[in-house]
Amino acid sequence: LKIHKMSKLISILTVLIFTFSISANAQLYFVENQGQFEQTVHYKAKLNGGALFLEADQWTFHLVESPEHHHHTTAHNHQHEADQHKAETPLKAQAFQMQFVGANAERVAIKGSQTAKHHHNYFIGDDPTKWASEVPLFEVVAYEELYEKVDLKIYSNTENIKYDFVVKQGGNPNDILINYEGLEGLYLEEGSLMLKTVFGAIQDVKPYAYQVIEGTKRTVACQYLLEETKVRFDFPDGYNTNYDLVIDPELIFSTLTGSTAENWGVA
């Protein structure tokens, strides 16, 4: 009996360790819209503390204070007072957009790739015609021809969001213009773009750009140009226009939630 109980305990601990190891390297998944979201949304990703909605010419980030953090910061010592205060105090939330100014919203092709092994089912309301079942999830979403001869893809890198602009031969990186709407502030700090929210700043790290020329990866000097709420990419030393140019920024959310993707270890 003792051996059986010990074996069962070890199995439970193994599951817990496995669960937390997943949360430490959380993967962001993009759910295809099959009628369960607003019509303008193509894909949605659930963040740890909100959601990200991908539309044809903008991304909308919806950030919400986690109930655990809210309770920790607002609760009183007495349990009854804590519960009452928690119920009466609303959670903080904020939405902001990354708008791709001048993008080909009508012609862009938006496609998911690297399909996840699992899927989602949405049985919302009592009208079966509005239900969506076996909805696929993807690790990468690509925007083909977001601008003329400029593609964009978004994916996750462990706990951060990566997005790449690929300027193909004949494309113009100056066409890329991003307007940020709904933030508390926007500023540059040591080459990084800082997105100020009510929860703190999201860091869009100094962009890394490169070209693959004759099989060799060559770094291209790149920096942000900020004008009020609009951002462009600048290449002070130029680049070889005969080859594709990849611009590779990264959004870091660790100052807000500790992770971008859902943390199943504490869910």
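Keep in mind it's a predicted model, so treat the numbers as computed, not measured.

Draft legend 1. Looking closely at the nonpolar core. Ranked by internal contacts, the top residues of the largest apolar core, which has 48 residues, are Leu52, Trp59, Phe61, Tyr163, Phe165 and Tyr180. Examining the composition of this core, we find that five residues originate from one element, strand S7 (residues 132-147), more than from any other. If we skip the residues at most four places from it in the chain, Tyr180 touches Gln97, Met98, Tyr163, Leu186, Leu193, Leu195, Asp204, Thr229 and Val231. If you look at the next biggest cluster of nonpolar residues, it comprises seven residues, including Val31, Phe37, Val135 and Leu137.

Draft legend 2. Here's a closer look at the pattern of salt bridges. In total, this model carries five salt bridges according to the counting rule given. Here Lys111 and Glu144 are joined by a salt bridge, their closest N and O atoms 3.8 Å apart. Of this pair, Lys111 sits in strand S6 (residues 109-122) while Glu144 sits in strand S7; the two residues are 33 residues apart in sequence, bridging distant segments of the chain. What makes Lys111 partly exposed here is its relative accessible area of 45%. In the salt-bridge network here, residues are joined through shared partners; they are Glu145, Asp151 and Lys168.

Draft legend 3. Local environment of the confidence of the model for the protein. Model confidence for the protein is summarised by a mean pLDDT of 79, while 74% of its residues fall at 70 or above. Of the regions scoring below 50 in pLDDT, residues 5-25 engages in ten contacts with residues more than four places distant in sequence or in other chains. Below a pLDDT of 50 lies the segment residues 257-267, which in the model reaches 32 contacts outside its immediate sequence neighbourhood of four places, other chains included.

Draft legend 4. Main features of the pairing of strand S15 (residues 216-220). Two strands pair when backbone bridges link them, and strand S14 (residues 208-213) and S15 are joined in this way by five bridges, in the antiparallel orientation. Opposite Tyr210, over in S15, you have Thr219 as the bridge partner. In textbook terms, the turn of a hairpin is the stretch between consecutive antiparallel strands, and for S14 and S15 this stretch comprises two residues, one of which, Glu214, has a positive phi near 55 degrees.

Draft legend 5. Representation of the environment of Met194 in the model. Tracing the chain through its elements places Met194 in strand S12 (residues 192-197). Taking the C-alpha atoms as reference, Met194 lies 8.2 Å from Val205; in sequence the two are eleven residues apart. Aside from chain neighbours lying at most four places away, what touches Met194 is Gly185, Leu186, Tyr187, Glu189, Ala201, Ile202 and Gln203.

Draft legend 6. Quick look at the environment of Tyr155. Topologically, Tyr155 is positioned in strand S8 (residues 150-157). A sequence separation of 17 residues divides Tyr155 from Phe138, and the C-alpha atoms of the two residues are 9.0 Å apart. Other than its neighbours up to four places away in sequence, Tyr155 contacts Phe30, Glu139, Val140, Asn160, Ile161, Lys162, Asp164 and Asp248. For Tyr155, the side chain forms a polar contact with the side chain of Asp164, separated by 3.0 Å.

Draft legend 7. Layout of unusual backbone geometry. Although it is not a glycine, Glu190 sits at a positive phi angle of roughly 55 degrees. For Glu190, the location among the structural elements is in the loop between strand S11 (185-189) and S12. Taking the relative accessible area as the measure of exposure, Glu190 reaches 81% and is therefore exposed. For Glu214, which is not a glycine, the phi torsion comes out positive at approximately 55 degrees. Here Glu214 shows up in the loop between S14 and S15.

Draft legend 8. The packing of aromatic side chains, seen in detail. With the rule as written, the count across this model stands at eleven aromatic pairs. Where Phe61 meets Phe96, the ring centres are 4.8 Å apart and the plane angle is 10 degrees; that geometry is what we call stacked. Here Phe96 lies in strand S5 (residues 93-100) and Phe61 lies in strand S4 (residues 58-64), a separation of 35 residues in the sequence. The exposure class assigned to Phe61 is buried, which follows from its relative accessible area of 1%. Residue Phe96 is classed as buried on the basis of its relative accessible area, which comes to 1%. Taken together, the aromatic side chains of Trp59, Phe100, Tyr143, Tyr163, Phe165, Tyr224 and Phe233 make up a single cluster linked through ring pairs. Here Lys217 stacks its cationic end above the ring of Tyr210, 4.3 Å away from the centre of that ring.

Draft legend 9. Here's a closer look at the side chain of Lys162. With respect to the helices and strands, Lys162 occurs in strand S9 (residues 160-167). A polar contact is formed between the side chain of Lys162 and the side chain of Asp248, at a distance of 3.2 Å. In contact with Lys162, other than residues within four places in its own chain, are Lys153, Ile154, Tyr155, Ser156, Asn157, Asp248, Pro249 and Glu250.

About the thresholds
- Counting of residues starts from 1 at the beginning of each chain's written sequence and follows it residue by residue.
- Given that the model is predicted, a residue must reach a pLDDT of at least 70 before its local features are reported, and side-chain atom pairs must reach 80 or more before they are shown or counted; all residues, however, enter totals for whole chains, interfaces and linings.
- Values shown for side chains rest on all heavy atoms present in the structure; no hydrogens or waters enter the calculation.
- Residues grouped as a nonpolar core are buried Ala, Val, Leu, Ile, Met, Phe, Trp, Tyr and Cys residues, joined through side-chain atoms within 4.5 Å.
- Three labels apply to residues, based on accessible area from a 1.4 Å probe with only protein chains included: buried if under 20% of the type maximum, exposed if over 50%, partly exposed otherwise in between.
- Numbering of helices and strands runs from the N terminus, with a helix taken as a DSSP run of H or I at least four residues long and a strand as a DSSP run of E at least two residues long.
- Contacts are assigned to residue pairs with any non-hydrogen atoms lying within 4.5 Å of each other.
- Just to be clear on terms, a salt bridge is a Lys or Arg side-chain nitrogen sitting within 4 Å of an Asp or Glu carboxyl oxygen.
- Confidence per residue, as judged by the predictor, is encoded in pLDDT with a range of 0 to 100.
- Strands are treated as partners if at least two bridges between them are detected by DSSP.
- Nitrogen and oxygen atoms within 3.5 Å of one another constitute a polar contact, given that in protein one can donate a hydrogen and the other can accept it, and given that sequence-neighbouring residues count only through two side-chain atoms.
- Aromatic rings from Phe, Tyr and Trp, taking only the six-membered ring of Trp, are treated as a pair when their centres fall within 6.5 Å; an angle between ring planes under 30 degrees marks them as stacked, one over 60 as edge-to-face, and anything in between as tilted.
- We count a charge as sitting over a ring when the NZ of a lysine or the CZ of an arginine lies within 6 Å of the ring centre and within 35 degrees of the ring normal.

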